[in-house]
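Listed here are the chains, written in short residue letters.
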Amino acid sequence: MVGTPRVVYMDNNATTRVDPEVVAAMLPYFSDLYGNPSSMHTFGGQVGRKIAAAREQVAALIGAESEEIIFTSCGTESDSTAILSALQAYPEKRHIVTTRVEHPAVKHLCEHLDRLTGHKHRVTRLPVDRDGLLDLNQYEAALSDDTAVVSVMWANNETGVIFPVEEMARIAKSRGILFHTDAVQAVGKIPINMADSAIDFLSISGHKLHAPKGVGALYVRKRVPFAPMVVGGHQEQGRRGGTENVCSIIGLGQACELAQARMEDENGRVRQLRDRLEEGLLSKIPNAIRNGHREQRLPNTTNISFEFIEGESILLHLDQYGICASSGSACTSGSLEPSHVLRAMGVPYTAAHGSVRLSLSVFNTEEEVDFVLDKMPGIIAKLREMSPFWQSSHKGAVGGANCPCE
Ligand code: PLP
């Protein structure tokens, strides 16, 4: 790393630092309080009571009742459980409605179901516009008597764009269709209240809100038909077999309590930092474009395309300063493909390739934002000096350079 010994972590949509208060809550359950929560003896029983308390903490953050919370191993398991459960509830129905910008946890499950059942399941993937927003008329038109479940993410992991899931769930309910939302990126960042909601299933992941990796939760509305995906013991009231991941569940509970306490003040501060970062980058760097609707967005996320260069190169240069971010491309089999989210939004290849996502958390500071604002313009200018696409578009030196993906 050049000139800085520390990490400037701005990749919080990928994962977050476990909060020290979360670590402190978990520690006794690794060493002294190691009983099995299902045991009859007092020693195990106190662990069981702590899990019950964690369930209440998770429920409180989203305005749910504690018996509506099932602990899982991750957001992906919660997503799969919800969608598969909904399909089992209506075996005669074959249609799933989702979007073109879902996380692979839902996107690949739908593709897998399609293949596994010999295309017996029909999947409608709703398009988004240039701002990453859905058209509700198109949504309503997509629903049919054959639709078993709608699965639409609450907030997009790449752009932070928020979908109107409450309204979409009400529409689904009026048609007798179950509604699942992947709220992995939304929980803890924006207020959620399931008490006033028509949503049937909601997925949570611990490591996106300062709890450990490898723990999640699924909200299942009371009286909604449910079929377990992990079948075994009687844990989680028979809804998810397997001895509980006790320490991580306790950590998730503590993280939810912290998120609830910080919701207003801290998320407001994070939003200010994000806006300072975004406005600074857009004003200092030419040909920089924000991806995603300006207002209808999570407070912590900015996704910016720097035209005519590659996101991966930007990340490597940022890494030299200890700055952690993500790009909107995935390196698959040697070729850099722009993300399915940016492609669905119609971001041109020359911009989609050069996209960078910076996602903040309560641990970021103004000093860190200013550090990134200081380093980024030089990095972009240097990479553009080496880019034939930038040269041809800005200096008239064409030389037959085509974007590799066009
Ligand atoms: N859904 C969204 C929107 C995500 O961002 C992620 C993780 O990146 C997941 C689901 C998967 O969560 P987990 O890593 O806990 O399986």
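Please read these numbers as outputs of a predicted model, since none were measured by experiment. (Residues numbered from 1 in each chain as written. Predicted model: local features only at pLDDT ≥ 70, side-chain atom pairs only at ≥ 80, totals over all residues. Heavy atoms only, no water.)

**What about the site of the ligand?**
Right, so step 1: The ligand sits among 14 residues. The nearest are Thr 76, Asp 182, Gln 185, Ser 205 and Lys 208.
Right, so step 2: Within the side chain of Asp 182, a nitrogen or oxygen atom sits 2.6 Å from a nitrogen atom of the ligand.
Right, so step 3: Contacts to the ligand include Ser 205, whose side-chain N or O atom sits 2.7 Å from an oxygen atom.
Right, so step 4: The protein chains hide 88% of the 400 Å² of surface that the ligand would expose on its own.
Right, so step 5: Here the shell around the ligand takes three residues from helix α3 (residues 75–89), the largest share from any one element. (Near = heavy atom within 4 Å. Polar contact = N/O pair within 3.5 Å; in protein donor to acceptor, adjacent residues only side chain to side chain. Areas by Shrake-Rupley, 256 points an atom, 1.4 Å probe, with all protein chains shown as cover. Helix = DSSP H or I, 4+ residues; strand = E, 2+ residues; numbered from the N terminus.)

**Describing the sheet that holds strand β10 (residues 301–306)**
Right, so step 1: Spatially, the four strands line up as an open sheet ordered β9-β10-β15-β12, and their pairing is antiparallel. Two strands close off the open sheet at either side, each with one partner strand: β9 (288–290) and β12 (326–327).
Right, so step 2: Bridge count between β9 and β10: three bridges; the pairing is antiparallel. Bridged to Ile 289 within β10 is Ser 305. (Pairing = 2+ DSSP bridges.)

**Observations regarding the domain arrangement of the protein chain**
Right, so step 1: We note that the domain assignment places domain 1 (8–16 + 263–393) and domain 2 (20–261) within the protein chain.
Right, so step 2: Contact with domain 1, which involves 31 residues of that partner, is made by 35 residues of domain 2.
Right, so step 3: At the junction of domain 1 with domain 2, the criterion picks out zero salt bridges.
Right, so step 4: Remark: the boundary between domain 1 and domain 2 carries 20 residue pairs in polar contact (both at pLDDT 80 or more).
Right, so step 5: If you list the elements that add at least two residues to the side of domain 1 that touches domain 2, you get β10 and α11 (340–344).
Right, so step 6: Element by element, the count of residues in the side of domain 1 that touches domain 2 is highest for α11, at four residues.
Right, so step 7: Class assignment for the residues of the side of domain 1 that touches domain 2 results in 12 nonpolar, 17 polar and two charged. (Domains from an automatic or database assignment. Contact = heavy atoms within 4.5 Å. Salt bridge = Lys/Arg side-chain N within 4 Å of Asp/Glu carboxyl O. Nonpolar A, V, L, I, M, F, W, Y, C, P; charged D, E, K, R; others polar.)

**Topic: the nonpolar core**
Right, so step 1: Ranked by size, the top nonpolar core spans 72 residues in total, and within it Ile 62, Tyr 139, Trp 154, Phe 179 and Leu 202 carry the most contacts.
Right, so step 2: Take this core: its biggest share by element is nine residues, from helix α8 (residues 246–262).
Right, so step 3: Looking at which domains feed residues into this core, each of domain 1 (8–16 + 263–393) and domain 2 (20–261) supplies at least three.
Right, so step 4: For Tyr 139, the residues in contact, after removing those within four places along its chain, are Val 97, Leu 126, Val 150, Met 168, Ile 171, Ala 172 and Phe 179. (Core = buried A, V, L, I, M, F, W, Y, C linked by side-chain atoms within 4.5 Å. Buried < 20%, exposed > 50% of the residue type's maximum accessible area, 1.4 Å probe, protein only.)

**Quick look at the packing of aromatic side chains**
Right, so step 1: In total, this model carries three aromatic pairs according to the counting rule given.
Right, so step 2: Seen from their ring centres, Tyr 34 and Phe 43 are 5.0 Å apart, and the 75° between their planes marks the pair as edge-to-face.
Right, so step 3: The class of Tyr 34 is exposed, set by a relative accessible area of 59%.
Right, so step 4: Residue class for Phe 43 comes out partly exposed when judged on its relative accessible area of 31%.
Right, so step 5: Directly above the ring of Tyr 90 sits Lys 93, whose terminal nitrogen or CZ lies 4.6 Å from the centroid.
Right, so step 6: Over the ring of Trp 390 we find Arg 384, and its NZ or CZ is 4.2 Å from the ring centre. (Phe/Tyr/Trp six-rings, centres within 6.5 Å; stacked < 30°, edge-to-face > 60°. Lys NZ or Arg CZ within 6 Å of the ring centre and 35° of its normal.)

**Regarding the packing of helix α2 (residues 42–61) against α8**
Right, so step 1: Interhelical geometry of α2 versus α8 gives an angle of 35° and a closest axis separation of 8 Å. As α2 runs across α8, the sense of the crossing is left-handed. Contact residues: α2 offers Val 47, Lys 50, Ile 51, Ala 54, Gln 57, Val 58, Ala 60 and Leu 61, while α8 offers Val 246, Ile 249, Ile 250, Leu 252, Gly 253, Gln 254, Cys 256, Glu 257, Ala 259 and Gln 260.
Right, so step 2: For the contact of α2 with α8, the per-class residue count stands at 12 nonpolar, four polar and two charged. (Axes fitted to C-alpha atoms, helices over the stretch in contact; angles between N-to-C directions. Left-handed = near helix turned anticlockwise from the far one by under 90°.)

**As for the side chain of Thr 81**
Right, so step 1: Considering the arrangement of structural elements, one finds Thr 81 in helix α3.
Right, so step 2: For Thr 81, a relative accessible area of 5% puts it in the buried group.
Right, so step 3: Side-chain polar atoms of Thr 81 contact the backbone oxygen of Glu 77, separated by 2.6 Å.
Right, so step 4: Those residues in contact with Thr 81 that lie beyond four places of it in its chain are Leu 218, Phe 226 and Met 229.

**Some details on the environment of Ser 38**
Right, so step 1: Summarising the element assignment, Ser 38 is placed in the loop between α1 (20–26) and α2.
Right, so step 2: On the basis of relative accessibility, which here comes to 33%, the residue Ser 38 falls in the partly exposed class.
Right, so step 3: For the pair formed by Ser 38 and Glu 244, sequence separation is 206 residues and the distance between their alpha carbons is 9.1 Å.
Right, so step 4: Setting aside chain neighbours within four positions, we find Ser 38 in contact with His 234, Gln 235 and Glu 244.

**Points about the pairing of strand β15 (residues 355–359)**
Right, so step 1: Within β15, five of the five residues are buried, which leaves it mostly tucked inside the rest of the structure.
Right, so step 2: Where burial is concerned, the two faces of β15 agree: the one with Ser 355, Arg 357 and Ser 359 and the one with Val 356 and Leu 358 are both buried.
Right, so step 3: By the bridge criterion, five bridges tie β10 to β15 in an arrangement that is antiparallel. Across the sheet, Asn 303 pairs through a bridge with Arg 357, a residue of β15.

**Comments concerning the sheet that holds strand β2 (residues 69–72)**
Right, so step 1: One open sheet holds the seven strands; their spatial order is β2-β8-β7-β6-β5-β3-β4, and the pairing between them is mixed. A strand with exactly one partner marks an edge of an open sheet, and here the two such strands are β2 and β4 (122–126). When the angles between neighbouring strand axes are averaged without regard to direction, this sheet yields 20°.
Right, so step 2: Bridge analysis of strand β7 (residues 201–205) against strand β8 (residues 216–220) gives five bridges, and the strand direction is antiparallel. Looking across to β8, one finds that Phe 201 is bridged to Val 220.
Right, so step 3: The sheet contacts of α2 involve β2, β7 and β8, and relative to β2 the element is tilted by about 110°.

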